[in-house]
Each structure stands twice: as structure tokens, then as C-alpha cells.
Amino acid sequence: MYCLECGIKLDFNAKFCCNCGKPTPMSDENKVGRINIIREKKMFAFAISFSVYVDDTLLGYLKNGTELSTDIVIGPHKIVLKSTEKDVIQDILLTEEKKEVDITIEPKMGLVAAKPQIKEINYK
Ligand SMILES: [Zn+2]
């Protein structure tokens, strides 16, 4: 996201602008949602991690049977899952009614190794 005051690019979960100090919508709890990315536990490809990006910022590495979560301002966001295969891109939309989303990932056999595949998206 970008600072509404000075326009600098901020981390998606920043509560204040690191340049001018203006609070972002993340400092208003009514505007904060949550993204949970859950990788199913499988015996297949268990040693391969997937990289997870939210709005072009690295959130972390998704290992077998683990979960990555972050608070995030409600609105549209882009999730990108990277592996040795083609990136998986998923747009999501958090609203005041549906502030939280669970995205379930299932590893599938790819050309080289394992690739992430979105199994289920559940807004709540
Ligand atoms: Zn600023």
C-alpha cells in the first residue's frame, strides 16, 4: 500500500508511514482483515517449500503442513505462490462483511518438482 499523505510505498501491514508518520488504515481496527494460507500436509513433495508473496512483498515460506497468516487492510490483494513451476496468482477481496480468508494449498506434481495449487478459498 501507499501512504495517503506522502505517497511512499509501505509494507502491506504497516500501521504508520515510515517517512511522514501518518497512520495508515491498518491502525484502524475496523479496517483490518486477515489472510491465512494453509498448506495441507502430504507425504508427496514434503521437503519443498513454496514462497508466498502478498502484494509483491514476501510473506514467507510455506512448508508441508504449515500455515502463514498476516493482518492486512481490507480491500483487494494479490497473492502469488512461487515454486520451480509457473507462479500461481490469486486475487482476493476482503470487505467489512468478509474480513478474513482461508486459502488452502495442495501440492501437485509439476514438470520439475512440486507446484502449489489452490484447493479452496473460504471467506469468513
Ligand atoms: Zn507518508
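Here, the structure is the one placed above.
The structure displayed is predicted, hence computed values, not measured ones.

(A) Structural context of the nonpolar core. Counting 18 residues, the largest nonpolar core has Ile37, Val52, Val54 and Ile105 as its most contacted members. Mapped by element, the contributors of at least two residues to this core are strand S1 (32-39), strand S2 (50-54), strand S3 (57-62), strand S4 (67-73), strand S5 (75-82) and strand S7 (100-109). For Val52, the contacting residues outside a window of four places in its chain are Ile37, Leu59, Gly60, Leu62, Leu68 and Leu81.

(B) Fine view of unusual backbone geometry. Although it is not a glycine, Ala45 adopts a positive phi angle of roughly 55°. In this fold, Ala45 is placed in the loop between S1 and S2. Its identity is not glycine, yet Asp55 carries a phi of approximately 50°, on the positive side. Relative to the elements of secondary structure, Asp55 occurs in the loop between S2 and S3.

(C) The arrangement of the sheet that holds S5 in detail. Here we have 4 strands laid out as an open sheet, ordered S3-S2-S5-S6, and antiparallel in their pairing. Every other strand in the sheet has two partners, leaving S3 and strand S6 (88-94) as the edge strands with one partner each. The sheet shows a mean angle of 25° between the axes of neighbouring strands, taken without regard to direction.

(D) The sheet that holds S4, seen in detail. Strands sit in the order S4-S1-S7-S8 across an open sheet of 4 strands; the sheet is mixed. Across the chains shown, the open sheet's two edge strands, defined by having one partner strand only, are S4 and strand S8 (114-123). Averaged over all neighbouring strand pairs, the angle between strand axes comes to 20°, with direction disregarded. The pairing of S1 with S7 spans 6 bridges and is parallel. Paired with Arg34 across the bridge in S7 is Glu100.

The rules behind each value
- Residues numbered from 1 in each chain as written.
- Predicted model: local features only at pLDDT ≥ 70, side-chain atom pairs only at ≥ 80, totals over all residues.
- Core = buried A, V, L, I, M, F, W, Y, C linked by C-beta atoms within 7 Å.
- Buried ≥ 20, exposed ≤ 12 C-beta atoms within 10 Å, placed from the backbone.
- Helix = DSSP H or I, 4+ residues; strand = E, 2+ residues; numbered from the N terminus.
- Contact = placed C-beta atoms within 7 Å.
- Pairing = 2+ DSSP bridges.
- Axes fitted to C-alpha atoms, helices over the stretch in contact; angles between N-to-C directions.

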